[in-house]
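Listed below, chain by chain, are the residues.
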Amino acid sequence: MGRTTDEIRKKIQIKEEKLDRKLTKEERHKITKNVKRKVARENLVRGVFMAIGISIGAGGHALLTAGSNENTNKNQVESEMNLEDQNDRQEFVNSLKVDTVPINIENQLTEEQIRENVEKEINELETPEEILNYVKDIWANEYNTQNNEDITKEQVKFYKERETVNVFRDTATNGDTILREGKEHSNINTDAGVITAYINKTDNNTKQKIINYFGIYQTLYSMDENVEKYEDNLLVDLASIIDCGIDWSVVINQEETEYSVKQIYINRLIDAVTEYESRKTKEIEQNSGEIEL
(Lines give C-alpha, C1' and ligand atoms only; values in the text may rest on other atoms or scores of the structure.)
Protein backbone atom coordinates (compact mmCIF):
# COMPACT_ATOMS: atom_id res chain seq x y z
CA MET A 1 0.00 0.00 0.00
CA GLY A 2 1.43 3.42 -0.97
CA ARG A 3 2.24 6.20 1.45
CA THR A 4 -0.49 8.43 0.01
CA THR A 5 -3.14 5.73 0.45
CA ASP A 6 -1.97 5.04 3.99
CA GLU A 7 -2.21 8.70 4.90
CA ILE A 8 -5.66 9.05 3.34
CA ARG A 9 -6.98 6.07 5.32
CA LYS A 10 -5.38 7.36 8.51
CA LYS A 11 -6.94 10.83 8.06
CA ILE A 12 -10.36 9.30 7.37
CA GLN A 13 -10.09 7.04 10.42
CA ILE A 14 -9.11 9.95 12.70
CA LYS A 15 -11.97 12.09 11.37
CA GLU A 16 -14.51 9.31 11.82
CA GLU A 17 -13.36 8.64 15.37
CA LYS A 18 -13.59 12.35 16.16
CA LEU A 19 -17.11 12.65 14.73
CA ASP A 20 -18.16 9.19 15.98
CA ARG A 21 -19.71 8.33 12.63
CA LYS A 22 -18.84 7.21 9.13
CA LEU A 23 -17.85 9.97 6.74
CA THR A 24 -19.97 10.70 3.71
CA LYS A 25 -18.67 10.12 0.20
CA GLU A 26 -18.14 13.87 -0.20
CA GLU A 27 -16.20 14.12 3.06
CA ARG A 28 -13.96 11.18 2.11
CA HIS A 29 -13.39 12.71 -1.32
CA LYS A 30 -12.40 16.02 0.29
CA ILE A 31 -9.82 14.34 2.52
CA THR A 32 -8.42 12.43 -0.44
CA LYS A 33 -8.00 15.65 -2.43
CA ASN A 34 -6.28 17.44 0.46
CA VAL A 35 -3.81 14.61 1.08
CA LYS A 36 -2.93 14.36 -2.61
CA ARG A 37 -2.25 18.11 -2.76
CA LYS A 38 -0.09 17.88 0.36
CA VAL A 39 1.94 15.01 -1.09
CA ALA A 40 2.35 16.86 -4.39
CA ARG A 41 3.72 19.89 -2.54
CA GLU A 42 6.13 17.69 -0.58
CA ASN A 43 7.36 16.23 -3.86
CA LEU A 44 8.52 19.71 -4.87
CA VAL A 45 10.76 19.86 -1.83
CA ARG A 46 11.82 16.26 -2.47
CA GLY A 47 13.36 17.42 -5.75
CA VAL A 48 15.62 19.82 -3.88
CA PHE A 49 16.80 17.09 -1.50
CA MET A 50 17.58 14.92 -4.50
CA ALA A 51 19.66 17.79 -5.85
CA ILE A 52 21.80 17.91 -2.70
CA GLY A 53 22.51 14.21 -2.70
CA ILE A 54 19.67 12.78 -0.64
CA SER A 55 17.43 10.62 -2.81
CA ILE A 56 14.27 8.87 -1.71
CA GLY A 57 13.71 5.53 -3.40
CA ALA A 58 10.88 3.04 -3.54
CA GLY A 59 9.64 1.72 -0.23
CA GLY A 60 10.66 4.86 1.62
CA HIS A 61 14.40 4.11 1.47
CA ALA A 62 16.89 6.94 1.60
CA LEU A 63 20.34 6.92 0.03
CA LEU A 64 22.90 9.62 0.69
CA THR A 65 25.92 9.88 -1.56
CA ALA A 66 28.84 12.20 -0.83
CA GLY A 67 30.76 13.04 -4.00
CA SER A 68 30.54 11.59 -7.48
CA ASN A 69 34.17 10.99 -8.47
CA GLU A 70 35.05 7.29 -8.58
CA ASN A 71 38.63 8.16 -7.60
CA THR A 72 37.47 9.49 -4.24
CA ASN A 73 35.62 6.40 -3.07
CA LYS A 74 37.54 6.39 0.18
CA ASN A 75 35.84 9.68 1.10
CA GLN A 76 32.40 8.49 0.02
CA VAL A 77 29.87 7.08 2.44
CA GLU A 78 26.69 5.35 1.40
CA SER A 79 24.07 4.47 3.92
CA GLU A 80 20.63 3.04 3.32
CA MET A 81 17.97 2.83 5.97
CA ASN A 82 14.24 2.36 5.95
CA LEU A 83 12.74 5.71 6.96
CA GLU A 84 9.38 4.11 7.69
CA ASP A 85 10.98 2.46 10.73
CA GLN A 86 12.37 5.77 12.00
CA ASN A 87 10.38 7.91 14.42
CA ASP A 88 12.85 10.70 14.02
CA ARG A 89 14.54 11.45 10.72
CA GLN A 90 17.29 13.24 12.62
CA GLU A 91 18.40 9.90 14.04
CA PHE A 92 18.98 8.75 10.47
CA VAL A 93 20.90 11.88 9.56
CA ASN A 94 23.08 11.67 12.66
CA SER A 95 23.90 8.05 11.92
CA LEU A 96 25.60 8.96 8.65
CA LYS A 97 29.34 9.45 9.15
CA VAL A 98 29.85 12.23 6.66
CA ASP A 99 31.57 15.49 7.55
CA THR A 100 30.34 18.06 5.03
CA VAL A 101 28.40 17.49 1.83
CA PRO A 102 28.60 20.39 -0.68
CA ILE A 103 25.33 21.03 -2.47
CA ASN A 104 25.01 20.28 -6.16
CA ILE A 105 21.95 22.02 -7.57
CA GLU A 106 22.25 20.61 -11.10
CA ASN A 107 19.19 18.41 -10.62
CA GLN A 108 17.01 21.08 -9.04
CA LEU A 109 13.44 21.21 -10.32
CA THR A 110 13.05 23.73 -13.11
CA GLU A 111 10.31 26.33 -13.03
CA GLU A 112 8.65 24.47 -15.89
CA GLN A 113 8.53 21.29 -13.79
CA ILE A 114 7.21 23.18 -10.81
CA ARG A 115 4.52 24.76 -12.98
CA GLU A 116 3.48 21.35 -14.32
CA ASN A 117 2.99 20.09 -10.75
CA VAL A 118 1.08 23.22 -9.71
CA GLU A 119 -1.07 23.14 -12.85
CA LYS A 120 -2.01 19.52 -12.13
CA GLU A 121 -2.95 20.40 -8.54
CA ILE A 122 -5.11 23.37 -9.47
CA ASN A 123 -6.82 21.66 -12.41
CA GLU A 124 -8.04 19.00 -9.95
CA LEU A 125 -9.92 21.64 -7.93
CA GLU A 126 -13.54 21.35 -9.04
CA THR A 127 -15.54 23.55 -6.67
CA PRO A 128 -15.23 27.02 -5.09
CA GLU A 129 -14.78 25.36 -1.69
CA GLU A 130 -11.87 23.24 -2.92
CA ILE A 131 -10.18 26.30 -4.47
CA LEU A 132 -10.51 28.37 -1.29
CA ASN A 133 -9.33 25.47 0.89
CA TYR A 134 -6.29 25.08 -1.36
CA VAL A 135 -5.40 28.75 -0.90
CA LYS A 136 -6.22 28.70 2.82
CA ASP A 137 -3.91 25.73 3.31
CA ILE A 138 -0.98 27.64 1.81
CA TRP A 139 -1.72 30.71 3.91
CA ALA A 140 -2.23 28.74 7.15
CA ASN A 141 1.08 26.91 6.68
CA GLU A 142 2.95 30.19 6.20
CA TYR A 143 1.13 31.77 9.16
CA ASN A 144 2.14 28.86 11.39
CA THR A 145 5.75 29.12 10.25
CA GLN A 146 5.93 32.83 11.01
CA ASN A 147 4.04 32.73 14.30
CA ASN A 148 4.95 29.28 15.65
CA GLU A 149 1.27 28.34 15.82
CA ASP A 150 -0.83 25.46 14.57
CA ILE A 151 -3.95 26.89 12.93
CA THR A 152 -5.74 24.96 10.20
CA LYS A 153 -7.42 26.11 7.03
CA GLU A 154 -10.78 25.50 8.72
CA GLN A 155 -9.98 28.43 11.04
CA VAL A 156 -9.36 30.84 8.14
CA LYS A 157 -11.89 32.87 6.17
CA PHE A 158 -11.16 35.17 3.25
CA TYR A 159 -13.29 38.10 2.10
CA LYS A 160 -12.88 40.45 -0.85
CA GLU A 161 -14.71 43.77 -0.95
CA ARG A 162 -14.71 46.76 -3.24
CA GLU A 163 -17.30 49.54 -3.15
CA THR A 164 -18.24 49.04 0.52
CA VAL A 165 -14.76 49.95 1.84
CA ASN A 166 -13.67 53.50 2.65
CA VAL A 167 -9.91 54.02 2.62
CA PHE A 168 -7.81 57.10 3.24
CA ARG A 169 -4.13 58.00 3.28
CA ASP A 170 -2.42 58.62 6.64
CA THR A 171 1.06 58.82 8.19
CA ALA A 172 2.75 56.39 10.60
CA THR A 173 4.73 57.62 13.61
CA ASN A 174 8.03 57.44 11.71
CA GLY A 175 6.61 59.31 8.72
CA ASP A 176 5.78 56.33 6.49
CA THR A 177 2.71 56.80 4.31
CA ILE A 178 0.06 54.22 5.21
CA LEU A 179 -3.50 53.43 4.21
CA ARG A 180 -6.31 53.18 6.76
CA GLU A 181 -9.87 51.98 6.64
CA GLY A 182 -12.33 54.62 7.84
CA LYS A 183 -16.04 55.28 8.01
CA GLU A 184 -16.18 58.90 6.90
CA HIS A 185 -12.94 59.46 5.00
CA SER A 186 -12.58 58.08 1.52
CA ASN A 187 -10.12 59.37 -1.05
CA ILE A 188 -8.58 56.09 -2.23
CA ASN A 189 -9.93 54.04 -5.13
CA THR A 190 -10.82 50.52 -3.93
CA ASP A 191 -12.09 49.10 -7.23
CA ALA A 192 -9.25 46.54 -7.30
CA GLY A 193 -10.44 45.15 -3.98
CA VAL A 194 -9.73 44.94 -0.26
CA ILE A 195 -8.97 41.45 1.06
CA THR A 196 -9.48 40.38 4.67
CA ALA A 197 -8.24 37.23 6.37
CA TYR A 198 -10.05 36.27 9.59
CA ILE A 199 -8.41 33.74 11.88
CA ASN A 200 -10.75 32.05 14.34
CA LYS A 201 -8.82 31.06 17.48
CA THR A 202 -10.02 29.70 20.80
CA ASP A 203 -8.41 32.53 22.77
CA ASN A 204 -9.02 35.41 20.36
CA ASN A 205 -9.92 36.18 16.77
CA THR A 206 -7.45 38.09 14.65
CA LYS A 207 -7.58 39.57 11.18
CA GLN A 208 -5.30 41.03 8.54
CA LYS A 209 -6.27 43.31 5.67
CA ILE A 210 -4.64 44.40 2.44
CA ILE A 211 -5.60 46.64 -0.44
CA ASN A 212 -4.67 46.36 -4.08
CA TYR A 213 -3.53 49.94 -4.60
CA PHE A 214 -2.89 50.52 -8.32
CA GLY A 215 -1.47 47.02 -8.75
CA ILE A 216 0.59 47.04 -5.54
CA TYR A 217 -0.64 45.15 -2.49
CA GLN A 218 -0.28 47.03 0.79
CA THR A 219 -1.23 46.44 4.42
CA LEU A 220 -4.51 48.18 5.26
CA TYR A 221 -4.65 49.43 8.85
CA SER A 222 -7.76 50.03 10.92
CA MET A 223 -8.99 53.50 11.84
CA ASP A 224 -7.64 53.58 15.41
CA GLU A 225 -4.64 51.24 15.07
CA ASN A 226 -1.36 52.61 16.41
CA VAL A 227 1.21 52.29 13.61
CA GLU A 228 4.88 52.99 14.40
CA LYS A 229 6.01 52.21 10.85
CA TYR A 230 4.62 50.55 7.75
CA GLU A 231 5.13 46.79 7.57
CA ASP A 232 3.92 44.18 5.10
CA ASN A 233 1.70 41.57 6.71
CA LEU A 234 1.44 37.95 5.58
CA LEU A 235 -1.45 38.79 3.29
CA VAL A 236 0.86 41.06 1.31
CA ASP A 237 3.41 38.25 0.94
CA LEU A 238 0.78 35.87 -0.46
CA ALA A 239 -1.53 38.47 -1.98
CA SER A 240 -1.42 37.22 -5.57
CA ILE A 241 -2.29 33.66 -4.55
CA ILE A 242 -5.18 34.73 -2.33
CA ASP A 243 -6.53 37.35 -4.74
CA CYS A 244 -6.38 35.04 -7.76
CA GLY A 245 -7.76 32.15 -5.71
CA ILE A 246 -10.78 34.16 -4.59
CA ASP A 247 -11.45 35.35 -8.15
CA TRP A 248 -11.19 31.83 -9.59
CA SER A 249 -13.50 30.44 -6.90
CA VAL A 250 -16.13 32.98 -7.97
CA VAL A 251 -15.76 32.44 -11.71
CA ILE A 252 -15.37 28.65 -11.93
CA ASN A 253 -19.11 27.87 -11.87
CA GLN A 254 -20.37 30.95 -13.71
CA GLU A 255 -22.23 29.64 -16.75
CA GLU A 256 -22.33 33.08 -18.36
CA THR A 257 -18.53 33.37 -18.34
CA GLU A 258 -16.84 32.15 -21.52
CA TYR A 259 -14.30 29.34 -21.36
CA SER A 260 -11.52 31.60 -22.66
CA VAL A 261 -12.14 34.07 -19.84
CA LYS A 262 -12.15 31.30 -17.25
CA GLN A 263 -8.78 30.15 -18.57
CA ILE A 264 -7.40 33.60 -17.85
CA TYR A 265 -8.51 33.38 -14.22
CA ILE A 266 -7.20 29.87 -13.61
CA ASN A 267 -3.88 30.67 -15.30
CA ARG A 268 -3.45 33.68 -13.03
CA LEU A 269 -3.76 31.40 -10.01
CA ILE A 270 -1.36 28.87 -11.53
CA ASP A 271 1.16 31.65 -12.21
CA ALA A 272 0.88 32.97 -8.64
CA VAL A 273 1.34 29.56 -6.99
CA THR A 274 4.18 28.67 -9.37
CA GLU A 275 6.01 31.87 -8.44
CA TYR A 276 5.50 31.08 -4.75
CA GLU A 277 6.70 27.47 -5.04
CA SER A 278 9.72 28.54 -7.11
CA ARG A 279 10.62 31.17 -4.54
CA LYS A 280 10.35 28.67 -1.68
CA THR A 281 12.53 26.19 -3.55
CA LYS A 282 15.19 28.85 -4.13
CA GLU A 283 15.07 29.83 -0.45
CA ILE A 284 15.80 26.23 0.53
CA GLU A 285 18.75 26.23 -1.86
CA GLN A 286 20.13 29.56 -0.66
CA ASN A 287 19.65 28.88 3.04
CA SER A 288 21.20 25.43 2.89
CA GLY A 289 24.67 26.29 1.58
CA GLU A 290 26.21 23.16 3.05
CA ILE A 291 24.64 20.34 5.01
CA GLU A 292 26.46 19.42 8.21
CA LEU A 293 25.83 15.76 9.01
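Higher on the page you've got the structure.
Structure report, in brief. (Residues numbered from 1 in each chain as written. Predicted model: local features only at pLDDT ≥ 70, side-chain atom pairs only at ≥ 80, totals over all residues. Heavy atoms only, no water.)

This part is about a negative patch on the surface. Negative charge collects at one region of the surface, where Glu-111, Glu-112, Glu-116 and Glu-119 lie side by side. Here Glu-116 falls in the exposed class, since its relative accessible area comes to 55%. (Patch = residues over 30% accessible without salt bridge, like charges linked within 9 Å, V, L, I, M, F, W, Y side chains within 5 Å. Areas by Shrake-Rupley, 256 points an atom, 1.4 Å probe, with all protein chains shown as cover. Salt bridge = Lys/Arg side-chain N within 4 Å of Asp/Glu carboxyl O. Lys, Arg positive; Asp, Glu negative; His and termini not counted. Charge placed at Lys NZ, Arg CZ, Asp CG, Glu CD. Buried < 20%, exposed > 50% of the residue type's maximum accessible area, 1.4 Å probe, protein only.)

If you look at the biggest cluster of nonpolar residues, it comprises 38 residues, and the most contacted ones within it are Ile-122, Trp-139, Phe-158, Ile-241 and Ile-242. Counting only elements with at least two residues in this core, the list comes to α4 (111-123), α5 (128-147), β5 (156-161), β8 (194-199), α6 (234-237), α7 (239-251) and α8 (259-288). With sequence-adjacent residues up to four places away left out, Ile-122 is seen in contact with Tyr-134, Ile-266, Leu-269, Ile-270 and Val-273. Ile-188, Val-194, Ile-211 and Tyr-213 belong to the second largest nonpolar core, which has eight residues in total. (Core = buried A, V, L, I, M, F, W, Y, C linked by side-chain atoms within 4.5 Å. Helix = DSSP H or I, 4+ residues; strand = E, 2+ residues; numbered from the N terminus. Contact = heavy atoms within 4.5 Å.)

Glancing now at the packing of aromatic side chains. This model, assessed by the stated rule, comprises five aromatic pairs. Ring plane angle 85° and centroid distance 6.0 Å describe the contact between Trp-139 and Phe-158, whose orientation is recorded as edge-to-face. Within this pair, whereas Trp-139 is found in helix α5, its partner Phe-158 is found in strand β5, the two being separated by 19 residues in sequence. Of the residues examined, Trp-139 reaches a relative accessible area of 0% and is grouped as buried. Judged by its relative accessible area of 12%, Phe-158 falls in the buried class. Ring centres 5.5 Å apart and planes at 80° place the aromatic pair Tyr-159 and Tyr-198 in the edge-to-face group. Of this pair, Tyr-159 sits in strand β5 while Tyr-198 sits in strand β8, and the two are 39 residues apart along the sequence. According to the relative accessible area criterion, Tyr-198 is partly exposed, its value standing at 34%. Each member of the aromatic cluster is reached from another via a ring pair, and the members are Trp-139, Tyr-143 and Phe-158. (Phe/Tyr/Trp six-rings, centres within 6.5 Å; stacked < 30°, edge-to-face > 60°.)

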